[in-house]
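This is what each chain is made of:
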Amino acid sequence: MSQRLREAERVFLKRYKEWLHTVEEGLSSVAYFYREGHVENGDRLLVQMMEGFAPFSSDNMTMRYLFAEKVEIAEEMQHFHEKVENAKSISSYDTSNARLRFVASDLMPAFQRWKLLVQSVGDEPKRQDRQ
C-alpha cells in the first residue's frame, strides 16, 4: 500500500494481526484435540475462534478499505471468509479424522495465504523495534 495508513487503520490492522496470531496458535490446539479424539473440545474451540472473525468480516468498512484495494487481495479475503463460515459448521463432519482433514487441508492453507497477505499490508521498516 503506497499511502501511509492513518493511526486508526494502523491500530485496527495491529489488532487484526494479533488476532490472526492467536488463531494460528488455536488451530494447532484444535488439530491436537482432533488427533487425540477430543472432538467436542476441538469443535468448541474452532467455532469460537471462527466467530471471533465477525468484527473482521469482509463487510467491515475498514477491512474493505485495507484489503479491497487490490483485486487479488479482495478475492483472497472472500475465499478465506468462506472457509471461516465452513468451519463454523465443523460438527457436520462425521469423524475426528474428517474434521482434522478439513482443518489441515482446507482451512489452514487458506488461513496461511490470508495471513501472509495481511502481514504485507501496512508493513513499514521496524528499525525502532531493534533499539
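Calculation rules
Residues numbered from 1 in each chain as written. Predicted model: local features only at pLDDT ≥ 70, side-chain atom pairs only at ≥ 80, totals over all residues. Heavy atoms only, no water. Helix = DSSP H or I, 4+ residues; strand = E, 2+ residues; numbered from the N terminus. Polar contact = N/O pair within 3.5 Å; in protein donor to acceptor, adjacent residues only side chain to side chain. Contact = heavy atoms within 4.5 Å. Buried < 20%, exposed > 50% of the residue type's maximum accessible area, 1.4 Å probe, protein only. Salt bridge = Lys/Arg side-chain N within 4 Å of Asp/Glu carboxyl O. Core = buried A, V, L, I, M, F, W, Y, C linked by side-chain atoms within 4.5 Å. Expected span 1.5 Å × (residues − 1). Bend = angle between axes of the 7 residues up to and from the residue. pLDDT = per-residue confidence, 0-100.

1. Some points on the side chain of Arg99
Here's step 1: Summarising the element assignment, Arg99 is placed in helix α5 (residues 96–120).
Here's step 2: Of note is the side chain of Arg99, whose polar atom sits 2.8 Å from the backbone oxygen of Tyr93.
Here's step 3: If sequence neighbours within four positions are ignored, Arg99 has contacts with Tyr34, Val39, Asp43, Ile90, Ser91, Tyr93 and Asp94.

2. Digging into the environment of Met50
Here's step 1: Along the chain, the position of Met50 falls in helix α2 (residues 39–51).
Here's step 2: Residue Met50 is classed as buried on the basis of its relative accessible area of 2%.
Here's step 3: Expressed as a C-alpha distance, the spacing of Met50 and Ala87, which sit 37 residues apart in the sequence, is 6.9 Å.
Here's step 4: Once you skip the residues sitting within four places of it in the chain, Met50 turns out to touch Val23, Leu27, Val84, Ala87, Lys88 and Leu107.

3. Quick look at the environment of Thr22
Here's step 1: Along the polypeptide, Thr22 turns up in helix α1 (residues 7–35).
Here's step 2: Residue Thr22 is classed as partly exposed on the basis of its relative accessible area, which comes to 40%.

4. Remarks on the pattern of salt bridges
Here's step 1: Summed over the entire model, instances satisfying the criterion amount to eight salt bridges.
Here's step 2: Among the salt bridges present, the one from Lys83 reaches Asp106, with a minimum N-O distance of 2.8 Å. Of this pair, Lys83 sits in helix α4 (residues 71–87) while Asp106 sits in helix α5, and the two are 23 residues apart along the sequence.
Here's step 3: Given the relative accessible area of 13%, Lys83 is considered buried.
Here's step 4: Classification of Asp106 by relative accessible area gives partly exposed; the value is 28%.
Here's step 5: The salt bridge partner of Glu85 is Lys88, with a shortest N-O separation of 3.1 Å.
Here's step 6: Owing to a relative accessible area of 30%, Lys88 belongs among the partly exposed residues under this scheme.

5. Structural notes on the nonpolar core
Most often, soluble globular proteins have nonpolar side chains that are buried together.
Here's step 1: Judged by nonpolar contacts, the single largest core of 32 residues is most densely connected at Tyr16, Leu46, Met50, Phe53, Phe67 and Trp114.
Here's step 2: Of all the elements in the fold, those that place two or more residues in this core are α1, α2, α3 (61–67), α4 and α5.
Here's step 3: Examining the composition of this core, we find that nine residues originate from one element, α1, more than from any other.
Here's step 4: In contact with Trp114, other than residues within four places in its own chain, are Tyr16, Leu20, Met63, Phe67, Ile73, Glu76, Met77 and Phe80.

6. Quick notes on α5
Along an α-helix, a turn takes 3.6 residues, which lines up residues three or four apart on a common side.
Here's step 1: Taking 1.5 Å of rise per residue, 25 residues should cover 36 Å, and α5 covers 34 Å from first to last C-alpha, within 8% of that figure.
Here's step 2: Leu107 marks where α5 bends most, by close to 40°; the proline Pro109 follows one to four residues later.
Here's step 3: For α5, every residue scored as buried is listed here: Ser96, Ala98, Arg99, Leu100, Phe102, Val103, Leu107, Ala110, Phe111, Trp114, Lys115 and Val118.
Here's step 4: Those residues of α5 that are buried lie in contact with α1, α2, α3 and α4.

7. Here we look at the confidence of the model for the protein chain
Keep in mind that low pLDDT regions are not for reading the predicted coordinates in detail.
Here's step 1: Residues at a pLDDT of 70 or more form 89% of the protein chain, whose mean pLDDT is 87.
Here's step 2: Mean pLDDT values for the elements of the protein chain range from 84 in α3 up to 97 in α2.

8. Here we look at α4
Here's step 1: For α4, built from 17 residues, the straight-helix expectation of 24 Å at 1.5 Å per residue is met to within 8% by its first-to-last C-alpha distance of 24 Å.
Here's step 2: In the core, the buried residues of α4 are packed alongside α1, α2, α3 and α5.

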